[in-house]
Amino acid sequence: MDTAITSAVAVEASARPALPGLLAAVHLVDVVAPGMEGLARWLAEAGADVTGSIPESDRDSPVVATLKEMGIRVLVGFDATHVRTDRTAVVWSGVFAGPHPELDHAQVLRLPILARAVALKAISREAGTRAVAVAGSHSTTTAAAALAALLDDGQTGWILNAPAGEGTVGHAAGHRIVTDYCPDNTTHEAAPPAGWQHRPAPHFLHSEPQFAAALIMSTSANAPHYDDNIAGLDAAEQLARHSTVVVLPTWDNSTANLRERLSDRPVSGQRVVTVGTDPASTVWIMAPRWTGEDFRVVLRYQETDHSFVLPVAGRHHALAVCAAIATALVLGEDPQAVAERAADFRGVQRSLTAIGTQRGITVVESRARHPREIAQDVEAARLLTEFALIVALEPDGIARASAHTTELGEALTGADQVLLLPVTTPLSEHTAPDPLDAIEEAVRKRFRDGAVHRVRFGPCEPGPEQQIGALAGEGDLVLLVGTGQAERLGPRLLFHLAAPTAPIPQDL
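Below or above, wherever it landed, is the structure these notes cover. (Residues numbered from 1 in each chain as written. Predicted model: local features only at pLDDT ≥ 70, side-chain atom pairs only at ≥ 80, totals over all residues. Heavy atoms only, no water.)

As for the overall build of the protein chain
Item 1. Secondary structure summary: the protein chain contains 16 helices and 21 strands in total.
Item 2. Relative to a compact globule of 508 residues, whose C-alpha radius of gyration would be 23 Å, the protein chain shows 23 Å and is just as compact.
Item 3. In terms of its C-alpha atoms, the protein chain occupies a principal-axis envelope of roughly 65 × 60 × 50 Å.
Item 4. Within the protein chain, buried positions represent 54% of all 508 residues.
Item 5. Residue pairs at least 24 apart in sequence account for 69% of intrachain contacts in the protein chain once pairs closer than 6 positions are excluded.
Item 6. Total accessible area on the protein chain is roughly 21,500 Å²; 51% of this is exposed by carbon and sulfur atoms.
Item 7. Both charge centroids of the protein chain, one from 40 positive and one from 60 negative side chains, sit 2 Å from each other. (Helix = DSSP H or I, 4+ residues; strand = E, 2+ residues; numbered from the N terminus. Rg over C-alpha atoms; globule rule 2.2 N^0.38 Å. Buried < 20%, exposed > 50% of the residue type's maximum accessible area, 1.4 Å probe, protein only. Contact = heavy atoms within 4.5 Å. Areas by Shrake-Rupley, 256 points an atom, 1.4 Å probe, with all protein chains shown as cover. Lys, Arg positive; Asp, Glu negative; His and termini not counted. Charge placed at Lys NZ, Arg CZ, Asp CG, Glu CD.)

Okay, structure coming up:
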């Protein structure tokens, strides 16, 4: 073999991260589901033999084409024959509530069935003390994507729930890895908690991974993952106690409880770092300033000031990037390199992303799920226009929407007009009552008459595009919030605004 080729192969092999044997030949159930795509990409680049199944509706998805180019065998539909005896494990996102042919067959074959979080832990454990976790009950997406971008030195990989801009959700490189451990990688529903599919597989991990750092954004309730604040706090503490450095934002009051727990029973050799606008914070964020295009911010760490330009919309997203910067600085990254990478980070796809303007009406997308996230995106969108703000909300999941009806009503108070879409759910059948009536009641308590609307289906009922088009005028901003049908609504709405009398193409 040519010497240059031999050298290139050696470099590629040395840069390849360690792959857990448990995941050497893995089948991923619904490989295009949020969170699963990033895992599939990382595994394929790390040298794993990956197969994955997809719903029939995703057959022609660009994501599927990309996965196939990476060497992943993508199988259409969910069928027991997709799970073969040569697999070392089966990983699933947790979105299915009830029997599933592939999971059921894996159980018959006695293959390890892993929740996505368990697979992430296996990968992090293999990375050793170079693993970096971003966690919390909610609000981790921007921070995780930003941290991956800030640490992208050619020797750092990542597994994210959503990509940064035009980036990817998964990448394997070197031995350092950034992982987003937030449970909100997809819309989950409350299946019977004792069902075998919902049992994690900790016995496949002989020990918990030891993280170099954990950035924990929040520790509050987030149904159906954490029923109350104590459950969210307990989960965050478990991860924190396996981290050499713990970074805690001070703007989320829930993290103060975790800080108190860690100080009451300190972990030997652990460093707890705070980041916030309070001068007493370990990393002090000094007066973030919005220029109309980006945030200008100075962070003071170890008595040295560092300036950053953050081209993201929304003060809360800018603070999340600051939390990622603080984590990078504490890990010893070069401040100048961090500043240059931060200036290139333009936020996460569908996180306050403007997708177009028609007839003077600007359409912005939000992937927010938790009521706190929705409230922050609505507040930020309010500052992006001097005219009316119309918010179209697609509540996330029967379980969450039912548990957080009051909070959802409060989250929308910054809007001028509200349009409620049906609750998104992966369940084709469910016995729980539809929470949309309760959500509508909670919203109406905070709005004047005529400001709250609802999408209803029928031969004579207008679609959401037509309803929004009738509400919005020149200069207004429309914020589309949701991760189900709302993802398709943006392009359809722009088409309707451009051509109000033309039928909307089926492929939009």
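Concerning the packing of helix α7 (residues 229–240) against helix α8 (residues 254–264)
Item 1. Look at α7 against α8: their axes get within 10 Å of each other, and the N-to-C directions meet at 50°. Classified by the angle their axes make, α7 and α8 are oblique. Of the two possible hands of crossing, α7 and α8 adopt the one that is right-handed. Contact residues: α7 offers Ile230, Leu233, Asp234, Ala236, Glu237 and Ala240, while α8 offers Asn257, Leu258, Arg261 and Leu262.
Item 2. Along the lines of polarity and charge, the residues of the contact of α7 with α8 split into six nonpolar, one polar and three charged. (Axes fitted to C-alpha atoms, helices over the stretch in contact; angles between N-to-C directions. Parallel < 35°, antiparallel > 145°, perpendicular 65-115°, else oblique. Left-handed = near helix turned anticlockwise from the far one by under 90°. Nonpolar A, V, L, I, M, F, W, Y, C, P; charged D, E, K, R; others polar.)

Details of the sheet that holds strand β2 (residues 49–54)
Item 1. Read from one edge to the other, the open sheet built from five strands follows the order β3-β2-β1-β4-β5, with strand pairing classed as parallel. Strand pairing shows two members of the sheet lacking a second neighbour, β3 (73–76) and β5 (113–115), which therefore form its edges. Put simply, the sheet's adjacent strands are angled 25° from each other on average, direction ignored.
Item 2. Both strand β4 (residues 89–92) and β5 contribute to a ladder of three bridges, which runs parallel. (Pairing = 2+ DSSP bridges.)

Topic: the pairing of strand β21 (residues 477–481)
Successive residues of a regular strand alternate their side chains across the two faces of the sheet.
Item 1. Of all five residues in β21, five are buried, a share of seventy percent or more.
Item 2. Where burial is concerned, the two faces of β21 agree: the one with Leu477, Leu479 and Val481 and the one with Val478 and Leu480 are both buried.

With respect to the sheet that holds β21
Item 1. Read from one edge of the open sheet, six strands run β16-β17-β21-β18-β19-β20, paired in mixed fashion. Only two strands of the sheet have a single partner each, and these edge strands are β16 (351–358) and β20 (452–454). On average, each strand axis in the sheet is inclined to that of its neighbour by 20°, with strand direction left out of account.

Points about the packing of aromatic side chains
Item 1. A complete count under the given rule lists two aromatic pairs for this structure.
Item 2. Judged by centre distance (5.7 Å) and plane angle (85°), the rings of tyrosine 181 and phenylalanine 211 are edge-to-face. Placement of tyrosine 181 in the loop between β9 (176–180) and β10 (211–216) and of phenylalanine 211 in strand β10 is noted, with a sequence separation of 30 residues between them.
Item 3. Relative accessible area serves as the criterion here: at 3%, phenylalanine 211 is assigned to the buried category.
Item 4. Arranged with centres 4.9 Å apart and planes meeting at 45°, the rings of tryptophan 290 and phenylalanine 295 form a pair that is tilted.
Item 5. What makes phenylalanine 295 buried here is its relative accessible area of 6%. (Phe/Tyr/Trp six-rings, centres within 6.5 Å; stacked < 30°, edge-to-face > 60°.)

Examining the environment of serine 243
Item 1. Here serine 243 shows up in strand β11 (residues 243–249).
Item 2. Sequence spacing of serine 243 and leucine 479 is 236 residues, and the spatial spacing of their C-alpha atoms is 38 Å.
Item 3. For serine 243, the contacting residues outside a window of four places in its chain are Gln210, Phe211, Ala213, Ala214 and Gln270.

Details of the pattern of salt bridges
Item 1. According to the stated counting rule, one finds 25 salt bridges in the structure shown.
Item 2. For glutamate 237, the salt bridge identified is with arginine 241, shortest N-O distance 2.8 Å.
Item 3. The partner of arginine 369 in a salt bridge is aspartate 396, and the shortest N-O contact between them spans 3.3 Å. Note that arginine 369 is positioned in the loop between β17 (361–366) and α11 (371–382) and aspartate 396 in the loop between β18 (389–393) and α12 (398–403), a separation of 27 residues in sequence. A single burial state applies to arginine 369 and to aspartate 396, both of which are buried. (Salt bridge = Lys/Arg side-chain N within 4 Å of Asp/Glu carboxyl O.)

Here's the deal with unusual backbone geometry
Item 1. Along the chain, alanine 223 connects to proline 224 via a cis peptide bond; the corresponding omega equals 5°.
Item 2. With respect to the secondary-structure elements, proline 224 resides in the loop between β10 and α7.
Item 3. Here alanine 287, not a glycine, exhibits a phi torsion of approximately 45°, which is positive.
Item 4. Relative to the helices and strands, alanine 287 is located in strand β13 (residues 283–290).
Item 5. A positive phi is found at glutamate 303, a non-glycine position, where the angle reads about 65°.
Item 6. When you line up the elements, glutamate 303 lands in the loop between β14 (295–301) and β15 (304–310).
Item 7. Overall, glutamate 303 belongs to the exposed group, its relative accessible area being 80%.

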